[in-house]
Amino acid sequence: ETSRTFPLRRVLSIAAMLIFVLCTLSLWYFMSADDLQQTSMEYMAQHYPDPVILRGQQEEAWQNAIVAYTSDDFDEMITQMSVVVQNDSPTAEHYFYFGLAHLYTEPKAYRQALYYFEQTEKMDSATYREDIAWYSALIYIQQEELAKAKAKLESIDDSGRYGIRAVKLLDLMK
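(A) Quick peek at the packing of aromatic side chains. Using the criterion set out here, one finds 18 aromatic pairs in the structure. Plain terms: the ring middles of W62 and Y97 are 6.2 Å apart, the flat faces sit at 65 degrees to each other, and that makes the pair edge-to-face. With a gap of 35 residues between them, W62 in helix α2 (residues 60-70) and Y97 in helix α4 (residues 92-104) connect regions that are remote in the sequence. Given the relative accessible area of 1%, W62 is considered buried. Sitting over the face of the ring of Y43, R165 holds its NZ or CZ atom 5.7 Å from the ring centroid.

This is the structure we're talking about:
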């Protein structure tokens, strides 16, 4: 009977160790994913700087949108920005801030934010390039599209405005 229990104990010990290792790895994975989600939400909550009204920009809807943005009234900003982008000459800045308004509203309107970021890039691929990469990456993390998020984060200059935070998010993705 002892010879039969020895292999059984060995098999049970190995099975217990494997279960322990798998539980530990899955716990680590889910904690890491939660950390990534939480960190990206914290970064997303840090508002982009207020837009500036340049001399000669008298468009009332744009001015109202900026007032709404600075007051954190993003629903009103979306209302005002709808008027701005329906005009004949919306700018890349208009589209970019319209995307941000969708990002900051509750509930978050990620699809619309990405759409307006794309419109911004079509008009001006340089001015908001890193900003769009950053906010798009944060959206993709929230949507659990990590391959897209990683590509956007890797496109961000390490020494730029978002460099340190992008590296931190990339580390959390590993």
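So that's the structure; there's more coming.
(B) Representation of helix α5 (residues 110-123). Relative to the 20 Å expected for 14 residues at 1.5 Å per residue, α5 spans 20 Å between its end C-alpha atoms, a close match to the ideal helical length. The complete set of buried residues in α5 reads Y110, A113, L114, Y116, F117, Q119 and T120.

The rules we used
Residues numbered from 1 in each chain as written. Predicted model: local features only at pLDDT ≥ 70, side-chain atom pairs only at ≥ 80, totals over all residues. Heavy atoms only, no water. Phe/Tyr/Trp six-rings, centres within 6.5 Å; stacked < 30°, edge-to-face > 60°. Helix = DSSP H or I, 4+ residues; strand = E, 2+ residues; numbered from the N terminus. Buried < 20%, exposed > 50% of the residue type's maximum accessible area, 1.4 Å probe, protein only. Lys NZ or Arg CZ within 6 Å of the ring centre and 35° of its normal. Expected span 1.5 Å × (residues − 1).

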